[in-house]
Amino acid sequence: MKAQNKKLLIGLAALVVLAAVMVGCWLAFGPKAADAGQKEITFAVIYADQTRDDFTISTDAEFLRGALEQEGLITGEESEYGLFVTAVNGVAADDANQEWWCFTKGGETLMTGVDSTPIADGDQFEATLTVGY
């Protein structure tokens, strides 16, 4: 009986250590808010016909969503994952045509949503109306 209790305690201790390591990794390597304060970013909207509008945004926002909403550039639907952007600069993606807005930073696809994408002074973002899933 004592050997079984000892194994159980060792197993629980290992789980606690594993959980602590995972939390530590998230805190060290997860998305971080940019420094508070005034930042200037650029945001390009690229439409289906390849025309574009460019915006320079001065903001105190820490994440992309705040900066874009401040300028009235995005609208969308709240989901369990954050804002699902349905329109950019007044142009709605048509789900029936398999259209969606692809967000990039310096041409690289974002792996985070607008809610959790930190911004820093000088960042360059793009939203491209994309067709096809």
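Residues numbered from 1 in each chain as written. Predicted model: local features only at pLDDT ≥ 70, side-chain atom pairs only at ≥ 80, totals over all residues. Heavy atoms only, no water.

Asker: Could you give an account of the pairing of strand 1 (residues 39-46), with specific residues and numbers?
Answerer: Consecutive residues of a regular strand have side chains that alternate between opposite faces of the sheet. Of all the 8 residues making up strand 1, 6 are buried; the element is thus mostly covered by neighbouring parts of the structure. When strand 1 meets strand 2 (residues 52-59), the two strands line up antiparallel, connected through 8 bridges. Across the sheet, Phe43 pairs through a bridge with Phe55, a residue of strand 2. Hairpin remark: strand 1 followed by strand 2, antiparallel, with 5 residues in the connecting loop; positive phi at Gln50, about 75°. (Buried < 20%, exposed > 50% of the residue type's maximum accessible area, 1.4 Å probe, protein only. Helix = DSSP H or I, 4+ residues; strand = E, 2+ residues; numbered from the N terminus. Pairing = 2+ DSSP bridges.)

Asker: How would you sum up the sheet that holds strand 5 (residues 91-92)? Please name residues and give values.
Answerer: Read across the open sheet, the 3 strands follow the order 3-4-5; overall the sheet is antiparallel. Unpaired on one side and paired on the other, strand 3 (74-79) and strand 5 mark the two borders of the sheet. Pairing geometry for strand 4 (residues 82-88) and strand 5, over 2 bridges, is antiparallel. In the sheet register, Ala87 faces strand 5, and the bridge partner there is Ala92.

Asker: Lay out the layout of surface pockets with the relevant residues and their values.
Answerer: Where empty space is left becomes clear once a probe the size of a water molecule has been rolled over the atoms. Empty space within the largest pocket amounts to approximately 370 Å³. For the largest pocket, the lining is made up of 16 residues, of which Phe84, Trp101, Phe103, Thr112 and Gly113 are closest to its centre. Looking at the lining of the largest pocket residue by residue, the class counts come to 11 nonpolar, 5 polar and no charged. (1 Å grid on protein atoms, 1.4 Å probe; cavity = no way out; pocket = protein on both sides within 12 Å on 5 of 7 lines; lining within 4 Å. Points joined across faces, edges and corners; volume = space filled by probe spheres on them. Nonpolar A, V, L, I, M, F, W, Y, C, P; charged D, E, K, R; others polar.)

Asker: I'd like a rundown of the packing of aromatic side chains, residues and numbers included.
Answerer: Taken as a whole, this structure holds 1 aromatic pair when the rule is applied. With a centroid separation of 6.4 Å and an interplanar angle of 20°, the aromatic rings of Phe43 and Phe103 are classed as stacked. Residue Phe43 is found in strand 1, and its partner Phe103 is found in strand 6 (residues 99-105); the two are separated by 60 residues along the sequence. We classify Phe43 as buried; its relative accessible area is 1%. (Phe/Tyr/Trp six-rings, centres within 6.5 Å; stacked < 30°, edge-to-face > 60°.)

Asker: For the sheet that holds strand 8 (residues 124-131), give the residues involved together with the corresponding values.
Answerer: One key point about sheets: their strands pair by backbone hydrogen bonds, in either a parallel or an antiparallel sense. Strand order across the open sheet formed by 5 strands is 2-1-8-6-7, with mixed pairing between neighbours. Edge positions in the open sheet fall to strand 2 and strand 7 (108-109), since each of these has one partner strand only. Relative to strand 8, strand 1 is paired through 5 bridges, and the arrangement is parallel. Bridge assignment links Val45 to a residue of strand 8, and that residue is Ala127.

Asker: I'd like a description of the pairing of strand 6, backed by residues and values.
Answerer: Counted residue by residue, strand 6 has 5 buried out of 7 residues, so it is predominantly covered. As paired elements, strand 6 and strand 8 share 7 bridges and run antiparallel to each other. Bridge assignment links Trp100 to a residue of strand 8, and that residue is Thr130. Pairing analysis gives 2 bridges linking strand 6 to strand 7, with the strands arranged antiparallel. For Thr104, the partnering residue across the bridge sits in strand 7 and is Thr109. Here strand 6 folds back onto strand 7, and the loop between the two strands holds 2 residues, one of which, Gly106, carries a positive phi near 60°.

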